[in-house]
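# Notes for the structure review
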Amino acid sequence: MRKINTNISLDPNLKKDATKLFSGFGLDFSTAISLFLAQSVREKRIPFEIKMDVPNKETMAALREYPEMKTNKKKYKRYGSFKEILKEV
């Protein structure tokens, strides 16, 4: 099968980490990408689930509280630095 060269832009650390991972499977980077593309075409979809991380209940409660905190700043303690927060914890 004839092959062509394709250029893609990647974060250098992502490529380094992926290359290391693929190497552990005995694959070079190009072969691993080709496998991904072939599987995508075969399945007519991205061959893995893509989803957004859903915040846990505590994080959701904090996000709901934020507008109140911003509106009524005097009701909430303020800190000048992260060190100051840690002293209180």
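The structure we're discussing is the one just above.
This section reports on the structure supplied with the text. (Residues numbered from 1 in each chain as written. Predicted model: local features only at pLDDT ≥ 70, side-chain atom pairs only at ≥ 80, totals over all residues. Heavy atoms only, no water.)

### Remarks on helix α1 (residues 12-24)
Filter applied, for reference: Helix numbering and strand numbering both begin at the N terminus, where a helix is a DSSP run of H or I of at least 4 residues and a strand a DSSP run of E of at least 2. In this scheme, a helix's expected span is set at 1.5 Å multiplied by one less than its residue total. Here a polar contact means two N or O atoms within 3.5 Å. Within protein one must be a hydrogen donor candidate and the other an acceptor candidate, and residues neighboring in sequence count only if both atoms are side-chain atoms.
In a regular helix each residue adds 1.5 Å, so 13 residues correspond to 18 Å; α1 covers 19 Å between its end C-alpha atoms and thus fits that length. Put simply, Asp-11 is the residue that caps the front of α1, since its side-chain oxygen is 2.8 Å from the backbone nitrogen of Asn-13. Within two residues after α1, Gly-26 carries a phi angle of roughly 80 degrees, on the positive side.

### Digging into the environment of Glu-58
Basically, it comes down to this: Here's how the labels work: a residue is buried when its accessible area is under 20% of the maximum for its type, exposed when over 50%, partly exposed in between, all with a 1.4 Å probe on protein chains only.
Assignment of secondary structure puts Glu-58 in helix α3 (residues 57-71). With relative accessibility at 66%, the residue Glu-58 sits in the exposed group. Measuring from C-alpha to C-alpha, the distance between Glu-58 and Ser-9 comes to 37 Å, with 49 residues separating the pair along the chain.

### Quick look at helix α2 (residues 29-43)
Selection rule: This arc corresponds to the set of directions leading from the helix axis out to the C-beta atoms. Pairs of residues are marked as contacts when any of their non-hydrogen atoms sit within 4.5 Å.
Between its first and last C-alpha, α2 extends 21 Å over 15 residues, near the 21 Å set by a 1.5 Å rise per residue. For α2, the full list of buried residues reads Phe-29, Ala-32 and Ser-40. The buried residues of α2 occupy an angular sector of 75 degrees when the element is viewed end-on, so they sit on one face. In α2, the exposed positions that point more than 90 degrees away from the buried face belong to Val-41 and Arg-42. Check the buried side of α2 and you find it contacts α1. Phi turns positive, to about 60 degrees, at Lys-44, one or two residues after α2.

### Looking at the pattern of salt bridges
Heads up, the rule is: Here a salt bridge means any side-chain nitrogen of Lys or Arg lying within 4 Å of a carboxyl oxygen belonging to Asp or Glu.
Counted according to the given criterion, the structure contains 3 salt bridges. In this structure, Glu-68 engages Lys-75 in a salt bridge whose closest nitrogen and oxygen atoms are separated by 2.9 Å. Assessed through its relative accessible area of 60%, Lys-75 is described here as exposed. Notably, a salt bridge pairs Lys-77 with Glu-88, separated by 2.7 Å at the nearest N-O pair. Linking Lys-77 in the loop between α3 and α4 (82-88) with Glu-88 in helix α4, this pair joins segments that are 11 residues apart in sequence. When its relative accessible area of 47% is taken as the criterion, Glu-88 is described as partly exposed.

### With respect to unusual backbone geometry
Only a minority of non-glycine residues have a phi that is not negative, and only a minority of peptide bonds are not trans. Located in the positive-phi region is Lys-44, a residue other than glycine, with phi close to 60 degrees. Residue Lys-44 is classed as exposed on the basis of its relative accessible area, which comes to 73%.

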